[in-house]
Every structure is written in structure tokens, then in C-alpha cells.
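Observations on the three-dimensional arrangement
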Amino acid sequence: MLNPSSNSADVIIIGGGPAGMSAALVLGRARRSVLVIDEALPRHRVTRESHGFLTRDGVSPSELRKVAREQIAAYPSVRFVQTAAASIEGSDGAFRVTTSEGETHTGRKLLFATGMKDLPMNLKGLEHVYGKSAYVCPYCDGWEMRDRPIAVIAGDHTMHLTRTISGWSNDVAVFTDGTPRPEEEMTEFRRRGIPVYEAPIREISSEAGETVAIILEDGREIPRTAIFFAPKLAPGSDLPVKLGCAVNEFGTMIVDELGRSDLPGVFGAGDGASQKYQVAAAVAAGSMAGVAINTEFLESDWEKRVQAR
Ligand SMILES: Cc1cc2nc3c(=O)[nH]c(=O)nc-3n(C[C@H](O)[C@H](O)[C@H](O)COP(=O)(O)OP(=O)(O)OC[C@H]3O[C@@H](n4cnc5c(N)ncnc54)[C@H](O)[C@@H]3O)c2cc1C
């Protein structure tokens, strides 16, 4: 069962973020050989601190990753390779994954833990503040930005984001960046006294990652020290779709509560297979998928024992 050096494994996990590593831990402890193929670009890598995951509140994403890898190293049947999985073929019991270097690995089961990725936003200066004073998730970073003058950059889910971040600060202003918003949304903001700046944004002004102001094309500088926005997201990988897995309209893999996809032997966990977008949720989903994968092995081995008698 355990052959840590070969190119074949019981389970190939694609993606070694919180979801993939959580599954690897469960499967390593269950004595399964596991290969984690990871490009090592987790979505929260831009942020200085990760919050809200019990016992790890406030650690950096790199520290979270380092401790996870150290703990998984206690289970020698788990191996990691840092590269991209480029293509997959096969079916339950015999999947073949080829990396971007052309190396081939085989696995009996497959777990996609490939996350989601932000699509680039055309907003000058955002790159200097993203993860330092500009964030996407009030539950992740609202506490640190509490009571600050907050800018919500309009996009998807603007009303929801504005309402949510209003739980952390009474000073919230919306910036539409020159794109007209629906009239009912504007009415709702007016009814609540939330200022809406409709001019295009020229630049986000900042010092050492700290937002100072939103500079508008008309020359106005609106002092703000924190930003929340909802970037457009894309699946971290198109491999689930290429293999034939069902996805929803956001490209999220459709899986059951144990991470089972509609394809036998193929599982999904984490941001790429739910819309929860939290480390704790990704870790929980990876853990459940690990248990479900191991259960499938145990059930087939249990049957084989009867047939072998
Ligand atoms: C700015 C920011 C701050 C955040 N802060 C917090 C926070 O404070 N607390 C919190 O709970 N959540 C936070 N999040 C959300 C958190 O990042 C995600 O919920 C979490 O990373 C999801 O874990 P995952 O394992 O599903 O995906 P990821 O962490 O994104 O990992 C996916 C992995 O798969 C790899 N991958 C993808 N495709 C391939 C491929 N073809 N081959 C090999 N590898 C591949 C990627 O390189 C990556 O390493 C934040 C997100 C952002 C953007």
C-alpha cells in the first residue's frame, strides 16, 4: 500500500492549500499513499495575516503552510511535488496526471483542491494595498479595519458587501468607479445616508501598504484608510471541467457533503468546490473528502476479503 518513492499513489491531490493539505493529513494518517501536486499559489498569499481559524488566528499564510507541512511530514506516505498538474486522463481506480514538466503520476482516486483565483482588477494602486489595507472578506479582516473610514469598491455583491462591512464601521462610502449602479441600489444607499462617489477612480493613494485616499478622475481625494471589494473569481484550475466534472455557473465543482463529485473516484474540496471561501471551511471540507476517499478504499478492500476466502 505504501510506496512513497514511486510515481503511483493511492490518491493524487491536486492543490496543496488548506483543503488539499487537510485531506493529505487525514489520508496519511489512514496509511494511504498520497501525492500532492501543488503549484503553491494559495489565494490568500497576498495577505499578511490569516484570521478566524481557531488556534491559528493572526498567523501569516506562509506560517500556516509551514506548520501544516511540518505536521504532515510525520506521515511518510504523503509526498509533495511543487508544480502544476497540466492534464488528467483515466477513471476511477486508474487516473493519470501529467505535470507541466511532462512527468506522469498515477493514482487510484483523485481530489481537486485547486481553489479559486482573483481575476485582475484594473485599479491603479490596488496592488500596493491588497492584503495590507484592502480586503475581500469582512469576516477575515473586518476586525483589523474596524472603525476606519472604509471604501467599498462597487462590483458584484456591492449591497451585500456594504451591509456586511457596516457591522465593523459606521463610516462606509461606496465608489462606483464610473460604472452606473442600479437605481434601486442607489436608493437604498441614499436611504441609509451612505455616500456614493460615482466618478471614475484615478488611483488609490497609499503609504507602505496603508490606504490614504481614493483619488477620483475629477481630482477629488477622498480620505479612506481601508478598502473592501469583491473581485471577480475564476476556478483555480480548469482540470475538473476538462475531466468532465459538473460545475455550477461560477465554475465551482458540484460535490456532495463528503466532497464526492458526479464522477466516480473524483472528489473536490475547498474554495473550488464550495462558495464558503474561508480557511476553516476549506480545512473541514478537505478532512471530510479524506475520510470519504479512505472509506471507498476500505469498503472495496472489505469486499475483496470475502472474495479471497
Ligand atoms: C486577500 C485574502 C485574504 C484572506 N484572508 C483570509 C482569512 O483571514 N481567513 C480565512 O479563513 N480565509 C481567508 N481568505 C480565504 C482563503 O484564502 C481561502 O478560503 C483558502 O485559501 C481556500 O483554501 P483552498 O485550499 O481551497 O484553496 P487555495 O488556498 O487557493 O489553494 C489552492 C492550491 O491549488 C493550487 N493549484 C491550483 N491549480 C493547480 C494545478 N493545476 N496544479 C497544481 N496546483 C494547483 C494553487 O497553486 C494553490 O496552492 C482570504 C482570501 C484572500 C484573497
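Residues numbered from 1 in each chain as written. Predicted model: local features only at pLDDT ≥ 70, side-chain atom pairs only at ≥ 80, totals over all residues. Heavy atoms only, no water.

Where an unreviewed UniProt entry is consulted, the protein appears under the name FAD/NAD(P)-binding domain-containing protein, with the organism given as Saccharibacillus endophyticus. The UniProt entry for the protein carries the following text under Cofactor (unreviewed entry): "FAD". (UniProt positions renumbered as here; feature names shortened; annotations may be inferred.)

Moving on, we get to the packing of aromatic side chains. On inspection of all chains with the given rule, the structure shows 4 aromatic pairs. Taking the centre distance of 4.9 Å and the plane angle of 15° together, the rings of F175 and Y197 count as stacked. Taken as a pair, F175 in strand β10 (residues 172-175) and Y197 in strand β11 (residues 196-197) lie far apart in primary sequence, 22 residues in all. F175 sits in the buried class, given a relative accessible area of 0%. For the cation-ring pair, R69 lies above F80, with the distance from its terminal atom to the ring centre recorded as 3.8 Å. Stacked on the ring of F297, the Lys or Arg K109 has its end atom at 5.6 Å from the ring centre. (Phe/Tyr/Trp six-rings, centres within 6.5 Å; stacked < 30°, edge-to-face > 60°. Helix = DSSP H or I, 4+ residues; strand = E, 2+ residues; numbered from the N terminus. Buried < 20%, exposed > 50% of the residue type's maximum accessible area, 1.4 Å probe, protein only. Lys NZ or Arg CZ within 6 Å of the ring centre and 35° of its normal.)

Moving on, we come to the pairing of strand β13 (residues 210-216). Taking burial as the measure, the 7 residues of β13 include 5 buried ones, the bulk of the element. Relative to β13, strand β12 (residues 201-207) is paired through 6 bridges, and the arrangement is antiparallel. Paired with S206 across the strands is T211, a residue of β13. Connecting β12 to the next strand, β13, in antiparallel fashion are 2 residues, including A208 with a positive phi near 50°. The sheet contact formed by β13 and strand β14 (residues 221-223) spans 3 bridges and is antiparallel. Across the sheet, I214 pairs through a bridge with I222, a residue of β14. (Pairing = 2+ DSSP bridges.)

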